[in-house]
Amino acid sequence: MSEKNRFAHRLALLGAVEFSASDLELITSEIAEMDRILADLEDFAQDTPWVSLQAQPIEKKLGS
Amino acid sequence: MIHDFLGADLTDLSWLISTRELSSAEAVTAALERLRGVEPELNAFITVLDEQAHAAAKAADDEIARGQRRGPLHGVPITIKDMFATAGVRTTGASKILLDWVPDFDAHVVERLHTAGAIIIGKTNLDEFGHGGTSTLSHFGPVHNPWNTERIAGGSSGGSAAAVAARIGPLSYGTETGSSVRRPASYCGVVGFKPTFGIISRYGSFRGAWSQDHVGIFARSVKDIALGLDATAGYDGRDPSSVQQDSPSYASHLDGNIKGLRVAVPRPFLEGTDSAVKEAFDAALKTLAEAGCVIEDLDIPELSYAAMTSMMTSAAESAGINRRWFRERHQDFVPHVARGLAFGMTITASEYLTVQRARHRIRQALRQAYEKIDLIVSPTTPRVAPPISEGVKGNGDDTRHVSYNHSNLLRFPSMLGLPGCSVPCGMSPDKMPMGMQLIGAWFADQTVLNTALAYQSRTDWHRQKPAVDR
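Note that the structure is a prediction, hence the values are computed from the model and not measured.

Thresholds, definitions, all that
- Residues numbered from 1 in each chain as written.
- Chains lettered and ligands numbered in written order.
- Predicted model: local features only at pLDDT ≥ 70, side-chain atom pairs only at ≥ 80, totals over all residues.
- Heavy atoms only, no water.
- Helix = DSSP H or I, 4+ residues; strand = E, 2+ residues; numbered from the N terminus.
- Buried < 20%, exposed > 50% of the residue type's maximum accessible area, 1.4 Å probe, protein only.
- Areas by Shrake-Rupley, 256 points an atom, 1.4 Å probe, with all protein chains shown as cover.
- Salt bridge = Lys/Arg side-chain N within 4 Å of Asp/Glu carboxyl O.
- Contact = heavy atoms within 4.5 Å.
- Phe/Tyr/Trp six-rings, centres within 6.5 Å; stacked < 30°, edge-to-face > 60°.
- Lys NZ or Arg CZ within 6 Å of the ring centre and 35° of its normal.
- pLDDT = per-residue confidence, 0-100.
- Buried area = accessible area lost by both parts, 1.4 Å probe.
- Polar contact = N/O pair within 3.5 Å; in protein donor to acceptor, adjacent residues only side chain to side chain.
- Nonpolar A, V, L, I, M, F, W, Y, C, P; charged D, E, K, R; others polar.

## Observations concerning the overall build of chain A
Here is step 1: What chain A contains, in helices and strands, is two helices and zero strands.
Here is step 2: Put simply, chain A has 64 residues, and 27% of those count as buried.
Here is step 3: As displayed, chain A has an accessible area near 4800 Å², and 55% of this comes from carbon and sulfur atoms.

What follows is the structure in structure tokens.
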């Protein structure tokens, strides 16, 4: 995917919200950083699971 | 005469009120006068509760006269961040979006404070909904630092830190998602404590990021922090992250005995720390060693990913929290906050999970480290409060790179839910306070407080008075 398309794909997630040209420039520069950050984190997290919600035993309240 | 007690800590003020040498009405009147006197310089408050505070003080005096004293906070004037819902009192989150919102319920913290008989005299200024580290991103304008009003107070709980530093009550409650209690505490020369995740319920406070938000406490003394914690800690089923726990009694277990405690310094992350801060921190380490701690250097390479992991988690969760307002009223957010939410909105679910896997790896590394140590200590911030004119970049945060930068040390405690305390540890050549943070293992809150007390009992940095107080 080209860089232009990548940004367009991300910005589409903002829905109908519109920003000024200068704001959009700042947001896309953040998005460009994010792609690099995610690549770093992907390597770092490679062999680590996601810890989903842990269930706890339920304390029964009999007779209440 | 009436103002002589303004610098008193909670313990002393409480004693004066309990013995009726001072009435709650007098204490509240003086605190409100003090607030009015310095507020034009600080802009630390969004709402002042004159009428309610005077009425509550009268009720407290009546109860105490009847021998019905509720405890150490009874009749004492305190403040809270305008993140907490207050029944019948507007609650803004420093946002234009909720400019006139008056909740019909109290946040958990507010309920507990009312039960304890504390008198809430004002709601403090902050970065909008807690999104920031400067307290300049407020619809109500920036908070100014009491030590130098050209400097920031730090954020997002800057109004609370500034209020305690300026002697507007001995205690204030804030919140922390990244470093929003410890950083402003360090910049304003007060103690700032955030407990283990789940110790204080967040019910009724605005959310910055569900999995990182904490309630925190500001005071000038560690003992006051412990009293403030006792008043608000405890299980609350309305906060799904609240933990089952015994009745809190942190204050009664404060003993300052830290002999043999293993204290680790993440030395590689201190590169780039200002020389004055480094000097103050080294002196603080010496004090801890004299008190009996065993100091050692420690490297946890996984921490070099902490700042970016915390930032990405916050960005995604805050976008999720504010999704509707962002879509319907994005123009009403402070522009910098709106751009941050936009960034968060573009993070996908699978990317968020990648970030959470990274977070778990860091958690595991810390878990292993705490098997061999009791505390991690470092300067709270690598430099003193920057000028307001430098804007949000003044803090010098780096949450974008894998590196040994200090931002990792600021962000990992909230990201992992560890208890942390910043205590004043020195004064820079330009008369700005500096802080040392003490970070314990999960549920080692008492160890953190004991160590902070031991340090404070051997130093007097917390007794220094800011410029606005002279």
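This is not the end of the story, as more comes after the structure.
## Here's the deal with the pattern of salt bridges
Side-chain pairs of opposite charge can arise where the charged atoms are in close proximity.
Here is step 1: With the rule as written, the count across this model stands at 21 salt bridges over all chains.
Here is step 2: With a closest N to O distance of 3.0 Å, Asp239(B) and Arg202(B) form a salt bridge. A residue pair is termed long-range when its members are at least 10 positions apart, and Asp239(B) in the loop between helix H7 (222-232) and strand S9 (262-265) and Arg202(B) in the loop between strand S7 (191-194) and strand S8 (214-219) qualify at 37 residues. With respect to burial, Asp239(B) and Arg202(B) carry one shared label: buried.
Here is step 3: Through salt bridges with shared partners, one network takes in Arg10(A), Asp35(A) and Glu351(B).

## Describing unusual backbone geometry
All names here are of chain B.
Here is step 1: Here the amide bond leading from Gly-155 into Ser-156 is cis, since omega sits at 10°, within 30 degrees of zero.
Here is step 2: Located in the positive-phi region is Arg-167, a residue other than glycine, with phi close to 65°.
Here is step 3: At Lys-431, a residue that is not glycine, the phi angle is positive and equals roughly 60°.
Here is step 4: Here Lys-431 shows up in the loop between strand S12 (420-427) and strand S13 (433-440).
Here is step 5: The class for Lys-431 is exposed, based on a relative accessible area of 54%.

## Topic: the environment of Cys421(B)
All names here are of chain B.
Here is step 1: Following the sequence through the fold, Cys-421 ends up in strand S12.
Here is step 2: Residues Cys-421 and Ile-120, 301 residues apart in the sequence, show an inter-C-alpha distance of 23 Å.
Here is step 3: Here Cys-421 is in contact with Arg-182, Val-191, Gly-192, Phe-193, Met-436, Gln-437, Leu-438, Val-448 and Ala-452, once residues within four sequence places are set aside.

## Considerations on the packing of aromatic side chains
Residue and element names in this part refer to chain B.
Here is step 1: Applying the stated rule across the entire model yields 10 aromatic pairs over all chains.
Here is step 2: Members of the aromatic cluster, connected to one another through ring pairs, are Trp-101, Phe-105, Phe-129, Tyr-203, Phe-206, Trp-325 and Phe-333.
Here is step 3: Lying across the ring of Trp-442, Arg-367 places its NZ or CZ 5.0 Å from the centre.

## Section: the confidence of the model for chain B
Here is step 1: For chain B, mean pLDDT is 96; residues scoring 70 or higher make up 99% of the total.
Here is step 2: Our summary of model confidence lists the complex with pTM equal to 0.96 and ipTM equal to 0.90.

## Details of the interface of chain A and chain B
Here is step 1: On the chain B side, the residues contacting the 26 residues of chain A number 31 residues.
Here is step 2: Roughly 2800 Å² of surface becomes buried between chain A and chain B when both sides are summed, with 70% attributable to carbon and sulfur atoms.
Here is step 3: Broken down residue by residue, the surface that chain A buries against chain B is led by Leu41(A), Phe44(A) and Trp50(A), which jointly contribute 24%.
Here is step 4: A salt bridge links Arg10(A) to Glu351(B), with the shortest nitrogen-to-oxygen separation between them at 2.5 Å.
Here is step 5: On inspection of chain A and its partner chain B, the count reaches 10 residue pairs in polar contact (both at pLDDT 80 or more).
Here is step 6: Counting residues per element, the side of chain A that touches chain B draws most heavily on helix H2 (residues 21-44) of chain A, which supplies 14 residues.
Here is step 7: The residue makeup of the side of chain A that touches chain B, split by class, is 16 nonpolar, two polar and eight charged.

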